[in-house]
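Here are the chains, one letter per residue:
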Amino acid sequence: MEKEPLLMLPGPVPMPERVRYAMMRQAINHRSAEFGAVYADCVRVLKTVFGTTNDLFVISGSGTAGMEAAVANFGRDKDIACLVNGKFGERLFKISQRYGKAHEIASEWGTPLNLAALEERLEQGVQVVTLVHNETSAGIRNPAQEVGRLARRYDALFVMDGITSIGGDVVEADKWDVDIAIVGSQKCLAAPAGLAALSVSTRAWERLSKNPPYYLDLAAYRKSAGGKPMETPYTPAVPLFLALREACLIIEEEGIANRIARHRKMANAVRAAAKAWGLSLYPKIDAKHAYSNTVTAISYPENIRDSEMRDIIKKMGIIIAGGQDHLKGKIFRIGSMGAVGAPEILATLAATQHALKKLGYKVQGDGIQAACEVLA
Ligand SMILES: *Cc1c(COP(=O)(O)O)cnc(C)c1O
């Protein structure tokens, strides 16, 4: 029997059986009490996961659609400061360039953000700040609370990509003064790919663009969500909503605090293995930045070819990620998002340790043992 590969990627991630089965059914009318209840369940749970009491909408489209909705509705023709220390920060900058006057505040990928430069921009009057909380491309967690504090002090809107932190790490959108927070379905929520959710603060609504996009017009989403039954403006990806509802109920059953603790433990196990092998984690963190608790980026040792290593691991039925863009061949990334537990992490680390040795790297110590000590 051909077994499905185990996806240890920073999205998409394996989906619990209940989530998969939720999609296998006859079509339902999206203008019905039944669909309204599905959408309401998603919104109720996601608000707790975001740490918000603001409005929250689910849109049909991947995480990037959520990023674009945020910028297009609230950043059009505005001065936007974009903090960038990885691929997704760059993406928010590129989106911002399409809609407003974007100012990139760049750091090397995986290195601390330049918050002094942000403050200068804020003094010059930028109206919107964008940040990726958990920069998936580099495995670094950025100081969202501090960025939120700065943005609020200068009365700028704060747009936060929480696509790989929400549901897997601590996010307190309201306490951190996040005006628009965004999540994607196929990351820590362990739902199928194709949905994004965004929360919108009252301050943000007051500054809504008078020239909004059509499909992603958030005022239209607000109007439809306020009806009885709760609806979306256009036909939503109904099967994905059914699956997302199940994923949300699973999160509610686990409890968000437990879920975050589990993610942290899994990432700690991966980090412990890397350390035992004598490999370096890719990000260069400081007191304000941290290693990601949902994806671990590890630098390749000399003379190990990325394609060869990931092929060996793939032959054992496990898929891990390489680096993106200029980090291709320089790092590999192990996702610990969603429903993963010790069995998946241990299998992945065992396969990785084997591949490292097979390709001639002399591991300093036993990474599996080190991981077990974290997990046991
Ligand atoms: C995956 C991801 C996105 C969105 O990607 P999609 O492919 O559009 O879902 C955005 N930001 C971060 C940090 C991500 O990891």
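Residues numbered from 1 in each chain as written. Predicted model: local features only at pLDDT ≥ 70, side-chain atom pairs only at ≥ 80, totals over all residues. Heavy atoms only, no water.

What follows is about the sheet that holds strand S6 (residues 134-135). A sheet is described by the order of its strands in space; here three strands give the open sequence S6-S7-S11, paired in antiparallel fashion. Both edges of this open sheet fall to S6 and strand S11 (290-291), since each of them pairs with a single strand only. One ladder, built from two bridges, connects strand S7 (residues 140-141) with S11; its direction is antiparallel. Its bridge partner lying in S11, Arg141 is registered against Ala290. (Pairing = 2+ DSSP bridges. Helix = DSSP H or I, 4+ residues; strand = E, 2+ residues; numbered from the N terminus.)

To continue, consider the domain arrangement of the chain. The domain architecture assigned to the chain consists of domain 1 (6-11 + 256-375) and domain 2 (17-254). For domain 1 versus domain 2, the distance between C-alpha centres works out to 27 Å. Listed as interface residues are 32 residues of domain 1 and, on the opposing side, 33 residues of domain 2. Carbon and sulfur atoms supply 54% of the area buried between domain 1 and domain 2, which totals about 2,700 Å² over both sides. Counting the surface domain 1 buries against domain 2, the share from its top three residues, Ile256, Arg259 and His289, is 22%. (Domains from an automatic or database assignment. Contact = heavy atoms within 4.5 Å. Buried area = accessible area lost by both parts, 1.4 Å probe.)

Turning our eyes to something else, we now look at the side chain of Ser137. As for its placement among the helices and strands, Ser137 is situated in the loop between S6 and S7. With relative accessibility at 0%, the residue Ser137 sits in the buried group. A polar contact is formed between the side chain of Ser137 and the side chain of Glu135, at a distance of 2.6 Å. Contacts of Ser137, omitting those with residues within four sequence positions, involve Gly86, Lys87, Phe88, Trp109, Gln324, Leu327, Ile331 and Arg333. (Buried < 20%, exposed > 50% of the residue type's maximum accessible area, 1.4 Å probe, protein only. Polar contact = N/O pair within 3.5 Å; in protein donor to acceptor, adjacent residues only side chain to side chain.)

A word on the pairing of strand S9 (residues 180-184). Counting buried residues in S9 gives five out of five residues, a clear majority hidden from the surface. Neither face of S9 is left uncovered, since the one carrying Ile180, Ile182 and Gly184 and the one carrying Ala181 and Val183 both have all their residues buried. Inspection of the sheet shows strand S8 (residues 157-161) paired to S9 by three bridges, in the parallel sense. Within S9, the residue paired with Met160 across the bridge is Ala181.

Strand order in this open sheet of three strands is S12-S15-S14, and the pairing throughout is antiparallel. Of all the strands in the sheet, the pair left with one neighbour each is strand S12 (295-299) and strand S14 (321-322). Seen against the sheet, helix H10 (residues 256-277) touches S12 and strand S15 (331-335) and runs at an angle of roughly 10° to S12. (Axes fitted to C-alpha atoms, helices over the stretch in contact; angles between N-to-C directions.)

Now for the layout of surface pockets. Empty space within the largest pocket amounts to approximately 410 Å³. Along its surface, the largest pocket is lined by 16 residues, and Glu4, Pro5, Leu6, Leu7 and Pro14 are the ones closest to its centre. The residue makeup of the lining of the largest pocket, split by class, is 11 nonpolar, one polar and four charged. (1 Å grid on protein atoms, 1.4 Å probe; cavity = no way out; pocket = protein on both sides within 12 Å on 5 of 7 lines; lining within 4 Å. Points joined across faces, edges and corners; volume = space filled by probe spheres on them. Nonpolar A, V, L, I, M, F, W, Y, C, P; charged D, E, K, R; others polar.)

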